[in-house]
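In case you want the letters, here they are:
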Amino acid sequence: MAESQGWDRIAEALDRLAADLRAGARAIEPARTELFELAGAIEAGAGPSPIVDRMRVLASTLTRQNAEEVVGAVSALVRDRDKPATSDGNGPATPSDDVAAFALDLELGTMFVTDALDHLGTIESTILQLEAAPDDTKLLNDVFRPFHTVKGNAGVLGLMSIQEVAHKLETLLDLARSGKHALGPAEVDVVLKSVDLLTLMIRELPARAAGQVGTDVSRRRRELLEMVNALIAGGPAADAQPAAAAPHEAAAPAAAVRKERRDDAQSTVKVNTRKLDALLDMVGELVIAQSILAEDPVLVRSLDERLNDRLAQLKRITSELQRSAMAMRMVPIRQTFQKMARLVRDMGRQSDKPITLVLSGEDTELDRKVVEQLNDPLMHMIRNCIDHGIEPAAERKAAGKPITAEIRLSAHHQAGSIVVEVADDGAGLNTDKIRETALEHGILDADAQLSPSEIHQLIFQAGFSTADEVTEISGRGVGMDVVRRNVESLRGRIDIQTSPGRGTTFVVRLPLTLAIVDGLVLSVGAERFVIPTFAVRESLRPLPDQVHTLQGRPRMVRVRERLIPLLHLGSVFRISGAREQIAESTVVIVEDADRPVALVVDELLGKYEVVIKSLGDAFGSVRGVAGGAILGDGRIGLILDAGGLLSLVGTDALDPAA
Amino acid sequence: MDTTLTRDEGAQARPGFDAGGKYLTFALGNEEYGLPVLKVREIIKVMDITQVPQVPGHVRGVINLRGRVIPVIDLRLKFGFPGRENTDHTCIIVVDVAHLGMIGIVVDSVSEVLNVAGSDIDHAPDFGDRVSTDYILGLAKVKNTVKILLDLDRVLGAESPVPIDGF
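So, how was this worked out
- Residues numbered from 1 in each chain as written.
- Chains lettered and ligands numbered in written order.
- Predicted model: local features only at pLDDT ≥ 70, side-chain atom pairs only at ≥ 80, totals over all residues.
- Heavy atoms only, no water.
- Helix = DSSP H or I, 4+ residues; strand = E, 2+ residues; numbered from the N terminus.
- Buried < 20%, exposed > 50% of the residue type's maximum accessible area, 1.4 Å probe, protein only.
- Contact = heavy atoms within 4.5 Å.
- Areas by Shrake-Rupley, 256 points an atom, 1.4 Å probe, with all protein chains shown as cover.
- Pairing = 2+ DSSP bridges.
- Axes fitted to C-alpha atoms, helices over the stretch in contact; angles between N-to-C directions.
- pLDDT = per-residue confidence, 0-100.
- Left-handed = near helix turned anticlockwise from the far one by under 90°.
- Nonpolar A, V, L, I, M, F, W, Y, C, P; charged D, E, K, R; others polar.
- Polar contact = N/O pair within 3.5 Å; in protein donor to acceptor, adjacent residues only side chain to side chain.
- Core = buried A, V, L, I, M, F, W, Y, C linked by side-chain atoms within 4.5 Å.
- Buried area = accessible area lost by both parts, 1.4 Å probe.
- Salt bridge = Lys/Arg side-chain N within 4 Å of Asp/Glu carboxyl O.
- Phe/Tyr/Trp six-rings, centres within 6.5 Å; stacked < 30°, edge-to-face > 60°.
- Lys NZ or Arg CZ within 6 Å of the ring centre and 35° of its normal.
- Expected span 1.5 Å × (residues − 1).
- Parallel < 35°, antiparallel > 145°, perpendicular 65-115°, else oblique.

## Describing the overall build of chain B
Then step 1. The helix and strand inventory of chain B stands at three helices and eleven strands.
Then step 2. Secondary structure elements of chain B occur, N-terminal to C-terminal, as α-β-β-β-β-β-α-β-β-β-β-β-β-α.
Then step 3. Counting across all 167 residues of chain B, residues that qualify as buried make up 44%.
Then step 4. Counting contacts in chain B only where the partners sit at least 6 residues apart, residues at least 24 apart contribute 57% of the total.
Then step 5. Surface summary for chain B: the accessible area is close to 9,000 Å², and the carbon and sulfur share equals 49%.

## Topic: the sheet that holds strand β4 (residues 59-65) of chain B
One key point about sheets: their strands pair by backbone hydrogen bonds, in either a parallel or an antiparallel sense.
All names here are of chain B.
Then step 1. Within the open sheet, the five strands sit side by side as β3-β6-β7-β5-β4. Their pairing is mixed. This sheet does not close on itself; its edge strands, each paired only once, are β3 (40-45) and β4. Pairs of neighbouring strands in the sheet enclose a mean axial angle of 30°, with direction left out of account.
Then step 2. Looking at chain direction, β4 and strand β5 (residues 68-74) are connected through six bridges and run antiparallel. Bridging across to β5, G61 finds its partner in V72.

## Quick notes on the confidence of the model for chain A
All names here are of chain A.
Then step 1. Averaged over every residue, the pLDDT of chain A is 79; residues scoring 70 or more account for 87%.
Then step 2. Below pLDDT 50 for its whole length, residues 467-477 participates in twelve contacts with residues either more than four positions away or in separate chains.
Then step 3. Low pLDDT (under 50) marks residues 653-658, which in the prediction has seven contacts with non-local residues, meaning those over four places away or in another chain.

## A word on the packing of helix α6 (residues 106-132) of chain A against helix α16 (residues 334-351) of chain A
Residue and element names in this part refer to chain A.
Then step 1. Where α6 contacts α16, the axes come no closer than 9 Å and their chain directions differ by 60°. The interaxial crossing formed by α6 with α16 has left-handed handedness. Contacts from E124, S125, L128, Q129 and E131 in α6 reach Q338, A341, R342 and R345 in α16.
Then step 2. Tallied by class, the residues present in the contact of α6 with α16 amount to two nonpolar, three polar and four charged.

## What about the side chain of K613(A)?
Then step 1. Among the structural elements, K613(A) can be located in strand β16 (residues 603-613).
Then step 2. A polar contact of 2.6 Å, which involves the side chain of K613(A), links it to the side chain of D281(A).
Then step 3. Contact partners of K613(A), with chain neighbours within four places excluded, come to D281(A), G627(A), G628(A), I630(A), G67(B) and V69(B).

## Comments concerning the nonpolar core
Then step 1. Within the largest apolar cluster, 59 residues are counted, with the highest numbers of intra-cluster contacts made by F573(A) and L150(B).
Then step 2. Per-element tally for this core: the top contributor is strand β6 (residues 91-97) of chain B, with four residues.
Then step 3. Those residues in contact with F573(A) that lie beyond four places of it in its chain are F529(A), R623(A), V625(A), L640(A), L645(A), L648(A), P53(B) and Q54(B).
Then step 4. Residues M381(A), I455(A), L458(A) and F506(A) belong to the second largest nonpolar core, which totals 46 residues.

## So, the interface of chain B and chain A
The extent of an interface is frequently quoted as the accessible surface area lost upon association of the parts.
Then step 1. Opposite the 21 residues of chain B that make contact, chain A presents 21 residues.
Then step 2. Taken together, both faces of the contact between chain B and chain A bury some 1,800 Å²; the carbon and sulfur share is 63%.
Then step 3. D48(B) serves as the salt-bridge partner of R635(A), at 3.8 Å between the closest nitrogen and oxygen.
Then step 4. Across the contact surface, chain B and chain A share seven residue pairs in polar contact (both at pLDDT 80 or more).
Then step 5. At the level of elements, β4 and β5 of chain B are the ones that each hand at least two residues to the side of chain B that touches chain A.
Then step 6. Considering each element in turn, the side of chain B that touches chain A owes the most residues, five residues, to β4(B).

## Things to note about the packing of aromatic side chains
Then step 1. All told, the structure shown has four aromatic pairs over all chains when counted by the stated rule.
Then step 2. An angle of 45° between the planes, with centres 5.7 Å apart, marks the rings of F529(A) and F573(A) as tilted. Of this pair, F529(A) sits in strand β9 (residues 527-532) while F573(A) sits in the loop between α22 (569-572) and β14 (586-592), and the two are 44 residues apart along the sequence. Across the pair, F573(A) and F529(A) agree in class, each one buried.
Then step 3. A centroid spacing of 5.5 Å and a plane angle of 40° characterise the contact between F79(B) and Y135(B), whose relative ring orientation is tilted. Residue F79(B) is located in the loop between α2 (75-78) and β6, and its partner Y135(B) is located in the loop between β9 (121-122) and β10 (136-142); the two are separated by 56 residues in the primary sequence.
Then step 4. Assessed through its relative accessible area of 2%, Y135(B) is described here as buried.
Then step 5. Each residue in the set F26(B), Y33(B), F79(B) and Y135(B) is aromatic and connected to the rest through ring pairs, giving one cluster.
Then step 6. Across from the ring centre of F144(A), 3.6 Å away, lies the NZ or CZ of R177(A), which sits over that ring.

## Topic: the pattern of salt bridges
As a working rule, side chains carrying opposite charge can pair if their charged atoms are close by.
Residues and elements named next belong to chain A.
Then step 1. Applying the stated criterion across every chain yields a total of 38 salt bridges over all chains.
Then step 2. E170 is the partner of K151 in a salt bridge, and the nearest nitrogen-oxygen pair spans 3.3 Å. One end of the pair, K151, is in helix α7 (residues 137-156); the other, E170, is in helix α8 (residues 160-177), and 19 residues separate them in sequence.
Then step 3. Using a relative accessible area of 16% as the deciding quantity, one classes K151 as buried.
Then step 4. A relative accessible area of 9% means that E170 is categorised as buried.
Then step 5. With a closest N to O distance of 3.0 Å, D277 and R329 form a salt bridge. Placement of D277 in helix α13 (residues 273-294) and of R329 in the loop between α15 (305-328) and β1 (330-332) is noted, with a sequence separation of 52 residues between them.
Then step 6. It is possible to trace a salt-bridge network through shared partners that takes in E124, D196, R342 and D346.

## Regarding the environment of A73(A)
Then step 1. Considering the arrangement of structural elements, one finds A73(A) in helix α4 (residues 67-79).
Then step 2. Each C-alpha atom of the pair A73(A) and L58(A) lies 8.0 Å from the other, and the pair is 15 residues apart in sequence.

## Focus: α16(A)
Note on helix geometry: an α-helix contains 3.6 residues per turn, so any two residues three or four positions apart are oriented the same way.
Residue and element names in this part refer to chain A.
Then step 1. Here α16 spans 26 Å end to end across 18 residues, near enough to the 26 Å set by a 1.5 Å rise per residue.
Then step 2. Those residues of α16 not exposed but buried are R334, T336, F337, Q338, M340, R342, L343, V344, R345, M347, G348 and R349.
Then step 3. Positive phi appears at D352, one or two residues downstream of α16, with a value of about 60°.

## Brief notes about unusual backbone geometry
Trans peptide bonds make up most of the peptide bonds, and negative phi angles are found at most residues other than glycine.
Then step 1. The residue E561(A) is not glycine, and still its phi comes out positive at about 65°.
Then step 2. Assignment of secondary structure puts E561(A) in the loop between β12 (553-559) and β13 (562-568).
Then step 3. Judged by relative accessible area, E561(A) falls into the exposed class, the value being 68%.
Then step 4. Unusually for a residue other than glycine, Q54(B) sits at a positive phi of about 60°.

## Quick look at the sheet that holds strand β1 (residues 21-28) of chain B
Then step 1. The strand order across the open sheet built from six strands is β8-β1-β2-β11-β10-β9 (chain B), with neighbouring strands paired in mixed fashion. The sheet is open, and its two edges are formed by β8 (109-116) and β9 of chain B, each paired on a single side.

## A closer look at the pairing of β12(A)
The two faces of the sheet receive side chains in turn, since in a regular strand these alternate between them.
Residues and elements named next belong to chain A.
Then step 1. The pairing of strand β11 (residues 547-550) with β12 spans four bridges and is antiparallel. Residue pairing in the sheet places L550 in a bridge with R553 of β12.
Then step 2. Taken together, β11 and the strand that follows it, β12, pair antiparallel across an intervening segment of two residues, in which Q551 is found at a positive phi of about 50°.
Then step 3. Note: β12 against β13, four bridges, orientation antiparallel. Across the sheet, residue V559 finds its bridge partner in β13, namely R562.
Then step 4. Taking the residues that link successive antiparallel strands as the turn, the β12-β13 hairpin has two residues, and the phi of R560 there is positive, at about 45°.

## A short note on the packing of helix α3 (residues 50-60) of chain A against α4(A)
All names here are of chain A.
Then step 1. Contact geometry of α3 with α4 gives a least axis separation of 10 Å together with a crossing angle of 175°. When the axis of α3 is compared with that of α4, the two are roughly antiparallel. Residues I51, R54, M55 and L58 of α3 pack against V70, A73, V74 and L77 of α4.
Then step 2. Looking at the contact of α3 with α4 residue by residue, the class counts come to seven nonpolar, no polar and one charged.

In C-alpha cells, the structure reads:
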C-alpha cells in the first residue's frame, strides 16, 4: 500500500502544480523541472513504465500556452495508471487512446503518421512477397521490424490501441521467426487486415487530435486481435478461408520477387521536395550560366588552349550535375506495382478467379509525380482485367486454358518515354458487344463503319460500360474514360491490343518526367513562347489565297481543304511590336482533343527541351498559358496551352492589325 | 510593470501589431514608403520582365530569379500613379508575401533601412470611405518627413486596395 500512497502524493503534487499554473504563480521552466522530477520519482518507486516515458514526452512539450492541458494530461495518466495499457492484452479489450500527447506535439505526431504509414506500406508489399516465398527469413524480418517500430513509436505517443495491435502482430511474427509458427494464407490475411486497420486508425489521428470523432473501429479491432490470438494459440483463424488464390502458383512470382531484391539494402535519405526543387532550379541556372559563358564572344574567339580545356571541363561537370539532379526526382515504379499485387490478391479471392500477378521491370525509374499519378489508372485497368477480361474458372477450363489466370504488369523505357503494360490472358475484347453497347448508349451511329480497333477505342468514351453486372469493386461511373483522361493529363497515351480468347493488353506510354517538356519556341514581338511539341501539328507560311477573311479580317486558314480558325497571338495577348501582316507571319497549327487552331506568330526559333515552372499562385490561372519556362539565355518564355488557346479564338475582336 | 501596461494598451489599439522596428524605405514619386525589413528577401536591379497576358495593368509580368519564376508588380500603377520609364535607380524589391510566396515590386528608388521607434509611429488617420487605409501599417515621423509603412500582405494579397483617388 506504500506504493499507492506514493501515487497519491504524486497526484496531489500535480493538482498543486495545475492550480499554481492556472493562477500564474509558477513559471514554465520550474514547472517543467517538477514534472521531470515527478516522473523520476515514479520510476524510482514503481520502476520504468510507459507512464513515465509519456510524462517525460509531455513535460518536454510544456509551454505557457498549453500548460493546463499538459498538466491535465499528466494527471490523467497518473489517475488512470491501473487501466490496462498494453502488452498482455488480457484485460478489458479496448484501452482508450489518449490523443493528448499527439495534439500537444503535432510535429512529432505528424512525423509518426508519415512514418507509420510508410512502414505499413512496406509491410503490405513485403508480406505478399513473403507469401510467395515463406522460407525467406530476410523477408520475414522485413515484415517484423516495421511492426516493431510502429509499436514502439505508438507507445511513446500514448496511442495504446494502435500499440496493442502492432504488438500482437509482432508476437505472431516473432513466433514465425523462431520457427514455432508457419506462415500460411491465414497469417498473411491477418497481417493484411491489421495493415488496413492500422492505416485507418493512424490516418484518422490528426482529425481526432483536432477533436473530431473518428471511425469506430473497436469491433474490427477486437475481432482482429481474437484472430491473431487464435493463430498464436495454434488454432485456425476465425475466418480462415481455404487458400483460393496464389499459394500453388507461388513458383513464378517467387522467382520474380527474389531477383529484384538485390539492392534493397541501398541506403536512402528522405528529402523535402521543396529543397529538391530548389536544388534543381539552381542546377538549371548553372547550366544557363555555363552556356552563356561558353558562347561569350571573347571566349569563343579565344585561342588559349588551356582556357578552352577548362571551359570544356566546366561543361562536362555541369551536364553531369544536371543529369544527377534530374535523376533525384526519379523513383522506381516498384512501389506502385506492389500495391497492385494486393489488389489482385483481394479481387481474385472475392471474385473466385485464381490469378497470379507477374511483375517485370519494377526497377524502371520515372518522375515521382508520374509514379504517384499512375496509381489510379493502373488500378482501374487491373480491375477492368479481372472484372471483364478474365473468364470465370469454369469457362477457362472449358476453353482448355489453365484455371489460374495471369496478369502481367511490366514497365520499360522506350525512346525517351516509359511504357507500362497491363496484360491479361482472358477472353479478349468482344467487338460485337462493344459495338452493341456503344449503339445503346448513343456513342455510335448505327451506320458508322468502324474497324475492330476503332471499335475497341470506344471503351475509352465517357459513359461506356460493358459489364453486365456491376461489381462492388469495379463499380459504376469510373470507367476506362477516366483512365484515358488520367493518362492524358500526364501527357501520355493509352492503346489496346486484344486477341479473342487470348487476352487483352493495355499499353500506356508516358513521358519520363513532368518537369521537362519538348517545346517549339516561338517569337511574337519581343516576347517568346513555348508550345509543347506534342500539341503541334505543323507550321507553315500561308499563301495569300489560303487565308480567308470574315468581315474584312483574316479569320481562317485553309490547309488541305480544312478551314482552321486563326488566332493572332500578338493581338489576343496585346504584345507590342508583333508583326501585323499575316503574309509576314508564320502560322503554327496546334491541336487539343482533335480541335485545331492556327496560331499567328512572328517566327519559329527552334525546338528545345524546357523546364516547366509554375507562374505561382499570384496569377491564378491565365487562359492559354500553362506555365513559364526559363530559356537558354535566362529569360522566361510562357508555355502555351492548346486547350486554353482554343477558348480564346474570337476574343481578339478588334482588328488584329490594329 | 508600467512598461508592460503601456505596451498592452498599444497592442489593444492595433491588435497583433507592434509597429516599432526596422523598415526598408523607398520612393514612389514624391512619397516615401517603408516595408518591414523582415519581409524583404533581396533588392535587384530592374531586369527584362516577361509580360503575362490577361492580367491587371499593375502586374508587369514574371522574372527569372535564379531559377524561380516570380511575378513582378509595379507599385506605381498599383497605387494609381502614372507609369514611368525605368531609370538607373529603378529597383525590384523581392518580398515574401503570405500565401503568395515571393513577389517582386518595382519602385522608383530604394533609400535606406530605418530603425523606427514605436512611439514615432502614428495610425493612419481616417479619410472616410473613399480612401482605404487598411493596407497602411502606420505613418512614421522621421525628422521632418513622413514615411508610409505598408502592410504588404494587404497591399499584394487578396484584400488589396483599389488605386486610391487623389494620391
